[in-house]
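# Understanding the architecture of this molecule
Next come the chains, spelled out residue by residue.
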Amino acid sequence: MKILDFNTTVFSWLSDQSWNFVLWILCALFLGSTPNPASSQNPQAPTEFTVGYVKLSEQNVHNELIESTSQWLRASFGNRIAFRDYTVSELSKALRQGEVDFVLSTSGFYREHIGEGLKDLATSAYSKGPDPNKSLGSVFITLRSNKNINTLSDIQGKSISALSEDSFVGWQMAAREIILAGKDPTSFFGPVLRRSMRMDNILDDVLNGRAEVGILRACQLEEYQNDDYPDIDRIKAIALQDTPGFHCQHSTRLYAAYTFSAATAASGNAAKDVTLALLNMPPTQKTAFTWSVCTDFKEVDSLFKDLKIGPFAYLKHMTFERFLEEYRLFLILSLVIVLGLLLHSIRTQHLVSIRTYELRKALRTQIQLQKQTQENSRRLELYERQAALQHISG
């Protein structure tokens, strides 16, 4: 019995250990098959969609928006989403070739490429510009010592430092103000210094006298002042406009700011998930950037139309269709005048014909009466002669 009990005890112990071993193996397999945050960040994991954005200078405040958005979406989607930086021309090419699923850009880039299928999902706003429809603008600056430069008309003929002609903030907004003032921005200024994407260079040009006027992003002057930029107190903003709710000096109309848009390569479900994530992103720490919904891109479209660029570049070239559209009222008025003159000519000719007929008829009647009178006179004269002869002979 003792041997049996011993065997039974050993067998029971071995059975318990076997079950424990089996359970350990099952737990290991389960844990091994369960994903964890570390594994989800594996750089070898496949990427489902790509966000393309334009690389900005290190000092650009919108870097905070791009970086925070990148971190937030990566935290939400893991390695399913990737961010790639491009130049403006490179991003345009990548969009045409279907290399990007989403685009994070200025509203100007978005509206310029809307014909290629871009669809806005969210637009940025921040503490100084809480309205997503009007949170981005430009400002003209000059030295405080330039007492004679204060208004837009004062800038005419002055040398200016600005970004490239395809810069939405660094040139196009300011150029539109010149057009709306009835001037041509290509000949309005004196010498134009073109700078790279660093607006520090523009500020330095003005401070060092290389340019009399510069173009900065609205709110950038205040940022320089807060950062105690050297000699910033020598700079003043000019040609200022007033927009309720916007808390920075600006010289141009305000536009929708950075826009997150979906390209045709993105699926509907991906666009929905990304939109929900963006709208739930908390404000950024420094500038309180958030993602909201823009309901009015009209000013952006009007800018392109006034400058005849982007989707309105065709306005630079005269075509028959554009000629008809642009001069339609003039053509209609001209046609009405021509038809009026034609009808007047026809009516005049008809009246002349009637009067001519009446005159001819009256002339014929007059001639007949003259003939009748002459005939009567001749007969009277003949009668008188016959009477006189009879009297003499009688």
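Structure first, text after, so check above.
Residues numbered from 1 in each chain as written. Predicted model: local features only at pLDDT ≥ 70, side-chain atom pairs only at ≥ 80, totals over all residues. Heavy atoms only, no water.

### A few points about the packing of aromatic side chains
For any pair of aromatic rings, the description rests on two quantities: the centre-to-centre distance and the angle between the ring planes. Following the criterion strictly, the structure yields 12 aromatic pairs and no others. Measuring from centroid to centroid gives 5.1 Å for Phe-188 and Phe-189, while their planes differ by 90°, and the two rings are edge-to-face. With a centroid separation of 6.0 Å and 90° between ring planes, the pair formed by Phe-260 and Trp-291 is classed as edge-to-face. Highlighted residues: Phe-260 in strand β10 (residues 258-262) and Trp-291 in strand β11 (residues 290-292), separated in sequence by 31 residues. Taken individually, Phe-260 and Trp-291 each receive the classification buried, so the pair is uniform in this respect. Cluster of aromatic residues (ring-pair linked, three or more members): Phe-49, Phe-77, Phe-102, Phe-260 and Trp-291. We note Arg-194 situated over the ring of Trp-171; from NZ or CZ to the ring centre the distance is 4.1 Å. (Phe/Tyr/Trp six-rings, centres within 6.5 Å; stacked < 30°, edge-to-face > 60°. Helix = DSSP H or I, 4+ residues; strand = E, 2+ residues; numbered from the N terminus. Buried < 20%, exposed > 50% of the residue type's maximum accessible area, 1.4 Å probe, protein only. Lys NZ or Arg CZ within 6 Å of the ring centre and 35° of its normal.)

### Regarding the sheet that holds strand β3 (residues 102-106)
Through backbone hydrogen bonds, the strands of a sheet pair up, either in parallel or in antiparallel fashion. The strand order β2-β1-β3-β10-β4-β11 describes an open sheet built from six strands, whose pairing is mixed. Either end of the sheet is taken by a strand with one partner, and the two such strands are β2 (81-86) and β11. On average, each strand axis in the sheet is tilted by 25° relative to the strand beside it, whichever way the strands run. Judged from the three bridges that link them, strand β4 (residues 119-125) and β11 form a sheet pairing that is antiparallel. (Pairing = 2+ DSSP bridges. Axes fitted to C-alpha atoms, helices over the stretch in contact; angles between N-to-C directions.)

### As for the state of the cysteines
Here the structure, examined in full by the defined rule, presents one disulfide. Covalently, Cys-219 is tied to Cys-248 through a disulfide, its sulfur atoms 2.0 Å apart. Between Cys-219 and Cys-248 the sulfur-sulfur dihedral comes to about 105°; the bridge is accordingly right-handed. Of this pair, Cys-219 sits in the loop between β8 (213-217) and α10 (220-226) while Cys-248 is found in the loop between β9 (235-238) and β10, placing the two residues 29 residues apart along the sequence. For Cys-219, a relative accessible area of 0% gives the class buried. (Disulfide = S-S within 2.5 Å.)

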